[in-house]
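Read off the chains here:
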Amino acid sequence: MQNLRLEEKLGTSLENSFDGDRAPNETLKSIEKSSGETHGTDFSAGATDISSLEDYIPEKKNLRSHLSEQLALSRTDIAIRNAALEIIDNLEEDGYLRVELDVLARNIGTTSDLIQSGLGLVQSLDPIGIAARDLGECLAIQLQEKNRFDPAMECLVKHLDLLAKRDFESLQELCEVGLDDLLDMVDEIK
């Protein structure tokens, strides 16, 4: 009786439905039949096959759709969003932006300032570091997000070539930090 009142109030039935009008156990039988695993189930002659199980698995999002969804939720001027979309469309598979901003501006007939604003918007999206032009910029974006991009860290990021060579002496001098601080900064970048 209580379910009936709830159904009337909601304007719907509280009965379970699965794959149209077919009962769940019929679907299970169909899956088992197609996979060859019966687990002692007796198949009736009238069991219908369901479409592929892949139909029930959500599609994996690619980077472009992930960023576009976030962009759609942003409260930004339409011109900046269009610039951001152009940037997203030109990202490499690894997430880096390797096209010059002036070229992107010409592609959509806008100014470099607008493209720069679009870049800032894209770089604020998840994953942090997206649309960086190189590793240094990617690290800088990530460190800024963590509020760890102080002058010493900025210096280290500018001299990643010395870090790759493990030239800690030069890095200590350039960044004006001791060895312990430098090693802590390197650990933080890792």
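Structural data are supplied above this passage.
Please read all numbers here as calculations on a predicted model, not as lab measurements. (Residues numbered from 1 in each chain as written. Predicted model: local features only at pLDDT ≥ 70, side-chain atom pairs only at ≥ 80, totals over all residues. Heavy atoms only, no water.)

Draft legend 1. Structural context of the pattern of salt bridges. All told, the structure shown has six salt bridges when counted by the stated rule. We note a salt bridge from Asp89 to Arg64, for which the minimum N-O separation is 2.5 Å. With Asp89 in helix α4 (residues 78–89) and Arg64 in helix α3 (residues 63–72), the pair connects residues that are 25 residues apart, well separated along the chain. Among the residues examined, Asp89 registers a relative accessible area of 41% and is labelled partly exposed. Several salt bridges share partner residues, and in doing so they unite Arg148, Asp150 and Glu188 into one network. (Salt bridge = Lys/Arg side-chain N within 4 Å of Asp/Glu carboxyl O. Helix = DSSP H or I, 4+ residues; strand = E, 2+ residues; numbered from the N terminus. Buried < 20%, exposed > 50% of the residue type's maximum accessible area, 1.4 Å probe, protein only.)

Draft legend 2. Representation of the environment of Ala131. Structurally, the position occupied by Ala131 is in the loop between α6 (112–123) and α7 (135–145). Since its relative accessible area comes to 0%, Ala131 is described here as buried. Put simply, Ala131 and Ile87 are 44 residues apart on the chain and 7.7 Å apart in space, counted from C-alpha to C-alpha. The contacts of Ala131, once residues within four sequence positions are left out, are Ile87, Leu91, Gly95, Leu97, Leu119, Val122 and Gln123. (Contact = heavy atoms within 4.5 Å.)

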